[in-house]
Amino acid sequence: MRSFAYLRAESFPAASAALETPESLPKAAGTDLLDLLKERVVEPAALVDLSRIERAQSDPGVLSALATLAELAEDEGIRRDFPALHAAARQAATPQIRNRGTLGGNLCQVSRCPYLRRAGASCFKRDGSPCGALLPGGFDRTHAIFDVGPCACAHPSSLAPALIALGARVRLVRGEERRVLALEELYAPPAPGRLGDVALRPGELVEAVLLEASPRSRNSVYLEMRERESFDFALVSVAAAVELREGRVRSVRVACGAVAPRPRRMREVEAALRGRPLDAESIAGAADAARVAARPLRSNGFKATILHRLCVRALEELRQ
Amino acid sequence: MSQRTLELGFSGHSEERRVEVPPDAPPPWDLRSDLKVAGKPHPRLEARLKVTGAARYTADQRLPGMIFAGAVRSPHAHARVRRLDLSRAKKLPGVLYSEAYPQREVRYAGQAVAALAAESEQVLDDALALVEVDYEVLPHVVRTEDALAEDAPAVAGRRNVRQGRGMRRGSLRRVEEAHARADVVLTREYRTQVQTHTCLEPHGSVARWEGDRLTVWASTQATFAFRQTLARALGISAAQVEVITEHMGGGFGSKFGADAWDVFAARAARATGRPCFFMLDRRAEHLVAGNRPDSIQRCTFSVRRDGKLLGAQVTSHGTAGLGRGAGVLNPAIYAFEATYSDQYDVLTHAGSARAFRAPRHPQGVFALEGMLDELAEAIGMDPLELRRKNDPHPVRQAQYDVGAEAIGWSRRKPSGSSPGPLKRGLGVAAARWAHNARPGTAVRCRIGRDGSVLVANGSQDIGTGTRTILAQIVAEELGLPLAAVEVRLGRTRDPYGHGSGGSVTAPSIAPPARRAAYACRQRLLAAVAAALGCEAESLSLREGRVHGAERELSFAAACGLLPTESIEATATGGPEDMSYPSFTREVAGVQFAEVEVDAELGTVRVVKVVAVQDCGLVANPLLARSQINGGVLQGISYALHEERILDARTGDMLNANLLDYKILGAREVPEIVAIPFSVANGRTSTGMSSLGEPPTVPTAGAVANAVANAIGARVRSLPITPEKVLAAIAEAERTRRASDGEKKKKKKKRIF
Ligand SMILES: Cc1cc2nc3c(=O)[nH]c(=O)nc-3n(C[C@H](O)[C@H](O)[C@H](O)COP(=O)(O)OP(=O)(O)OC[C@H]3O[C@@H](n4cnc5c(N)ncnc54)[C@H](O)[C@@H]3O)c2cc1C
Ligand code: SF4
């Protein structure tokens, strides 16, 4: 990796100010960033370390961006009020990475696309060159089945779809300024140089994730399919939260991971369920709706099949 | 010569054999031998060092003043190097040595074009990035199938498809005659992938010169071959080089000599006068350090309705990259009437293959065992029954019983009959290996007047437990507890030992170790007899004591009677005590697998594997199980996960790391019932058989058969990934629906 200046930030506003330095990047635990540095995929002149920032007294609805995945997985309140988040955090990565990796880093992590992660390979998102996965003979097996444009990558975070299904919002900080966005709005379409697919302004950081417990959030689920239980990313993940009233779906949110360049809110699935009883028929219809817009690439058609089946399983779990 | 009658075989199936034992050799161990230390479950001697991290591997060496080396590697599979400029790199402070390899063409991604050595790893990394290479990219081909095409770029010479000597075997005419007599003839295509060795400790070494003497710490499975190849490359005599391999972090066949990077390290160390460290990084490990070739096997097999196997015909194509040796072995486990195999190497622009744990076997057995199950299904016979009917080997016949009992074979349901999305299935596969004891290994045993016992051999323990086995053999022969014997391994100044390949190490090193200990024992007893004034024949060594007719004394006291400071004997394994007429020359193994397939998502979980493995006489049940476990795990990993993925467009490897190149992890480990199966084959004086490789041979076949049993559809391609499982299920459903449609039509016709 290229040598860099190392700055340790005391607070989010201070970190944000430090990031005004050109060619600087924030680092939380570095479990993702370090690999990119070693491969020289990113070569920042300075790293601003967030990991020593003193965390504010925690409020149950406010998750610090610096919370580790292990902390989220072990939190009793999360387990009770946000089972989807509990499940996503518990299954992600490996025990070692969960012990270090942070929520903020997880949401801003970079796609696992092998072309992106290899300096010198052709990749639209890294430098605007043609997408290596979409070029003839390219490897696209683990890539997106929705919303493929100039980039075909699959978003790697499993926490993001869970949080989107839970209706989470993110609090961003830039200098002394703060703003709050729905989590799905944090993500932007692939663009050259924007490796993490997040629509952050220069120097802007994710400070916290905001959640509200509700009957819907308590009736939530996260399921994923991966090839290997140890040490792997999901090939498809589905998170759903449903509030039932008098046997009918009063409100519902469904989101998927690893199927599109961004975590994908599944509005077609939500529409197929809203107002209907949650039964085998509506679930089958909703799962069919999930793949209507899917446009698999040469070798990842199986992801659409898996998505369909995971949707059925996820919704079945919420029938009560 | 003395005559001995041995009882050979295994429990329930033994026979007596008379052998001639040379006067200076101990009589071979057999079923009647009452062993006290050998054959017992002693934990490996260095276990504590390894689990506490105290064991120092080559990659752990940090010598004073040590410098670090690395290479610039081509990202292109085929290119001409137009310009190679090291000047900027060399100007970087801390860069101490460099070499440029201005070969006209690079022929695989990963090939080195330059190498550097620098003060620190950081300087090295920066310097490597400063080397400027201008490549003219040339046409390449990296996939076996693409290389077969008429218009494929030629990799070397004119033709990409080659057939080496011995790659056509058997008689096509006889096989065709056999097929003609069959009730069922099936033709199927089986495929396997390229697997990389993925040694946890990478390849490499640390070199240090003192005057004109070179010491090299090497991660090698052949200390002596390493010394030889390195000395030759440096133009010095092997006597100037000492190779040290105290602990080894995995080789699997890819570490049999000094490689280009080792030679560079030695040259850089000589030029700078400082020790030089050169271990490959993970990417280079995958690209340049060897692999198991892939295969496309077209199989036509035939069987009679009563289960008699008739013909087996296999045509295979595979790539060993730029190297050779991509043939598969569909070994003669079963007694076909006629066999024919026709095998081709397909050259591609990719790193060369190297020997990999049971080269050619797992891929061949995967196809063979799959075909057997398909034939069994076609004639409506239980797959185990079909094997029993056609397997001439008495050991495997017994192993089928043991394994079937342990896995609960009677639970096996007809293929595809498991209800619900989670489907269970059972599968079986067999393996065959040769009893590979090679003469030529020398072992020195020394007993000191202070009662110390040292055994020394210069070859390596690659994790197979050689050190522990040596101590056990010598302790047994001297009637001592294990702890009384010190073993020194992995230094080429000690006596010669073979490279650890072909599973030769334990079977080859144990007989000379025993014989050296035997010689020391005779001399010790002679010295004691002289001191006590009795006959040596009246003395024996047991339980750490010398027992005579009238008195006994401790081993240490006996050693105190030695006339010299120590006695020493070096024995070299030779035909005298390594090629007795044996019960069997073959090493037999059988494995059973139980899997659970999520038929909706396509994921496969191996639930249980029963591995019954002929070990010859079991040297140490713990070590034997450890070898079997390792073989099974590597086999499952091969069956379900591992695959080298090369980008067709650039020829670069896309998963040259440990996340995307998937080896099985802790959560994928099933229940493994490793059953070391003891067979007194009588071949050598110690009776140990080859065990390193055979346990990985049948695993993928057994797992694949279990998957087919679970889902009622067959995946004929490794690794068995979710999409292949889903596609096989969908295909089977289509076929079933089509044939149901046919039946309905027929029924309707009848009604009409
Ligand atoms: C083997 C392996 C398996 C994995 N499996 C999974 C999985 O199954 N599911 C899953 O979701 N993830 C998985 N991960 C990813 C893992 O969860 C992330 O690496 C981790 O959460 C990142 O956190 P970090 O603190 O280390 O981030 P860092 O590596 O420090 O940062 C990651 C990125 O986010 C940016 N960043 C960090 N914090 C902030 C912030 N507060 N505001 C703005 N930008 C920020 C950094 O600049 C960097 O670009 C896996 C990773 C590995 C290595
Ligand atoms: S899929 Fe996206 S990240 Fe991957 S190569 Fe294409 S543009 Fe780059």
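Computed from a prediction, not measured in an experiment: that's the story for all the values here.

Trainee: Give a description of the interface of chain A and chain B that names residues and reports values.
Mentor: Facing 30 residues of chain A, the contacting portion of chain B comprises 33 residues. Around 2700 Å² of area is buried between chain A and chain B when both sides are counted, 51% of it from carbon and sulfur atoms. A salt bridge links Asp232(A) to Lys662(B); the nearest nitrogen and oxygen atoms lie 2.9 Å apart. Inspection of the chain A/chain B interface yields 18 residue pairs in polar contact (both at pLDDT 80 or more). No other element matches the six residues that helix α14 (residues 301-317) of chain A contributes to the side of chain A that touches chain B.

Trainee: How would you explain the sheet that holds strand β27 (residues 552-554) of chain B if you had to name every residue and give the values?
Mentor: Residues and elements named next belong to chain B. Taken together, three strands build an open sheet; the order of strands is β25-β26-β27 and the sheet is antiparallel. The open sheet has two free edges, formed respectively by β25 (540-542) and β27, since each of these has just one partner strand. Neighbour-to-neighbour, the strand axes of this sheet turn through a mean angle of 25°, independent of strand direction. Sheet topology places strand β26 (residues 545-547) next to β27; three bridges connect them, and they run antiparallel. Looking across to β27, one finds that Arg545 is bridged to Ser554.

Trainee: A description of the domain arrangement of chain B should follow, citing residues and the corresponding values.
Mentor: One can read the domain layout of chain B as domain 1 (65-144), domain 2 (393-435 + 583-730) and domain 3 (437-578). A separation of 50 Å is found between the C-alpha centroids of domain 1 of chain B and domain 3 of chain B.

Trainee: Give a description of the pattern of salt bridges that names residues and reports values.
Mentor: Under the defined criterion, the tally for this structure stands at 91 salt bridges over all chains. Here Arg264(A) and Asp147(A) are joined by a salt bridge, their closest N and O atoms 3.2 Å apart. Highlighted residues: Arg264(A) in strand β11 (residues 264-265) and Asp147(A) in the loop between α8 (124-127) and α9 (159-165), separated in sequence by 117 residues. According to the relative accessible area criterion, Arg264(A) is buried, its value standing at 12%. Overall, Asp147(A) belongs to the exposed group, its relative accessible area being 52%. Among the salt bridges present, the one from Arg387(B) reaches Glu369(B), with a minimum N-O distance of 2.6 Å. Residue Arg387(B) is located in helix α10 (residues 383-390), and its partner Glu369(B) is located in helix α9 (residues 361-379); the two are separated by 18 residues in the primary sequence. Here Arg387(B) and Glu369(B) have matching classes, each one buried.

Trainee: Mind laying out the site of ligand 2, listing which residues take part and the relevant values?
Mentor: Neighbouring residues of ligand 2: 13 residues in total, closest Cys113(A), Cys123(A), Cys131(A), Cys151(A) and Ala152(A). Each residue belonging to the shell around ligand 2 can be placed in one class, and the counts come to nine nonpolar, three polar and one charged.

Trainee: Outline the packing of aromatic side chains, supporting the account with residue identities and numerical values.
Mentor: All names here are of chain B. Considering all chains together, one arrives at 10 aromatic pairs over all chains under this definition. Both rings, one in Tyr190 and one in Phe366, keep their centres 5.4 Å apart while their planes meet at 80°; by these two values the pair is edge-to-face. With Tyr190 in strand β11 (residues 184-192) and Phe366 in helix α9, this residue pair connects regions lying 176 residues apart in the sequence. Among the residues examined, Phe366 registers a relative accessible area of 1% and is labelled buried. With centroids separated by 4.9 Å and ring planes inclined at 50°, the aromatic side chains of Phe224 and Tyr496 adopt a geometry described as tilted. One end of the pair, Phe224, is in helix α6 (residues 223-234); the other, Tyr496, is in the loop between β24 (485-489) and α13 (505-532), and 272 residues separate them in sequence. Residue Phe224 is classed as buried on the basis of its relative accessible area, which comes to 8%. Following the ring pairs from residue to residue traces out a cluster consisting of Phe10, Phe583 and Phe677. The positively charged end of Arg62 is found above the aromatic ring belonging to Phe277, 4.9 Å away from the centroid. For the cation-ring pair, Arg292 lies above Phe356, with the distance from its terminal atom to the ring centre recorded as 4.6 Å.

Trainee: Lay out the site of ligand 1 with the relevant residues and their values.
Mentor: Residues in close proximity to ligand 1 total 32 residues, the closest being Pro26(A), Gly30(A), Thr31(A), Thr102(A) and Ser158(A). In this structure ligand 1 sits where residues from chains A and B come together. Ala28(A) places a polar main-chain atom, nitrogen or oxygen, 2.8 Å from an oxygen atom of ligand 1. Within the side chain of Thr102(A), a nitrogen or oxygen atom sits 2.7 Å from an oxygen atom of ligand 1. Computed on the free molecule, ligand 1 has an accessible area of 980 Å², of which 96% lies beneath the protein chains in the complex. Listed by contribution, the elements that provide at least two residues to the shell around ligand 1 are β2 (24-27), α7 (103-107) and β7 (205-210) of chain A. Per-element accounting of the shell around ligand 1 gives the leading share, three residues, to α7(A). Counted by class, the shell around ligand 1 contains 18 nonpolar, 10 polar and four charged residues.

Trainee: Please give an account of the pairing of β24(B) that cites residues and values.
Mentor: Residues and elements named next belong to chain B. The alternating pattern of β24 places Val485, Val487 and Leu489 on a buried face and Glu486 and Arg488 on a face that is not buried. Bridging between strand β23 (residues 453-457) and β24 involves five bridges; their strand directions are parallel. By the bridge assignment, Asn457 is partnered in β24 with Leu489. In terms of handedness, the path from β23 via helix α12 (residues 466-478) over to β24 forms a crossover that is right-handed.

Trainee: Give me the lowdown on the pairing of β23(B), citing residues and values where you can.
Mentor: All names here are of chain B. Most of β23 sits inside the fold, with five of its five residues counted as buried. Along β23, one buried face is formed by Val453, Val455 and Asn457 and the opposite face, lined by Leu454 and Ala456, is buried too. Relative to β23, strand β22 (residues 442-448) runs antiparallel, the two being bridged by four bridges. In the strand pairing of β23, Ile447 is matched with Val453. With antiparallel pairing between neighbouring strands as the criterion, β22 and β23 make up a hairpin whose turn holds four residues, including Gly451 at a positive phi of roughly 90°.

Trainee: Can you explain helix α13 (residues 280-292) of chain A? Please cite residues and give values.
Mentor: Residue and element names in this part refer to chain A. Between the first and last C-alpha of α13 there are 19 Å, a value that for 13 residues agrees with the 18 Å anticipated at 1.5 Å per step. What α13 keeps buried is the set Ser282, Ile283, Ala286, Ala287, Ala289 and Ala290. With its buried residues spanning 155° around the axis, α13 presents them on a single face. Among the exposed residues of α13, those pointing more than 90 degrees away from its buried face are Glu281 and Val292.

What counts as what
- Residues numbered from 1 in each chain as written.
- Chains lettered and ligands numbered in written order.
- Predicted model: local features only at pLDDT ≥ 70, side-chain atom pairs only at ≥ 80, totals over all residues.
- Heavy atoms only, no water.
- Contact = heavy atoms within 4.5 Å.
- Buried area = accessible area lost by both parts, 1.4 Å probe.
- Salt bridge = Lys/Arg side-chain N within 4 Å of Asp/Glu carboxyl O.
- Polar contact = N/O pair within 3.5 Å; in protein donor to acceptor, adjacent residues only side chain to side chain.
- Helix = DSSP H or I, 4+ residues; strand = E, 2+ residues; numbered from the N terminus.
- Pairing = 2+ DSSP bridges.
- Axes fitted to C-alpha atoms, helices over the stretch in contact; angles between N-to-C directions.
- Domains from an automatic or database assignment.
- Buried < 20%, exposed > 50% of the residue type's maximum accessible area, 1.4 Å probe, protein only.
- Near = heavy atom within 4 Å.
- Nonpolar A, V, L, I, M, F, W, Y, C, P; charged D, E, K, R; others polar.
- Phe/Tyr/Trp six-rings, centres within 6.5 Å; stacked < 30°, edge-to-face > 60°.
- Lys NZ or Arg CZ within 6 Å of the ring centre and 35° of its normal.
- Areas by Shrake-Rupley, 256 points an atom, 1.4 Å probe, with all protein chains shown as cover.
- Right-handed = clockwise from strand over helix to strand, strands pointing away.
- Expected span 1.5 Å × (residues − 1).
- Arc of directions from axis to C-beta.

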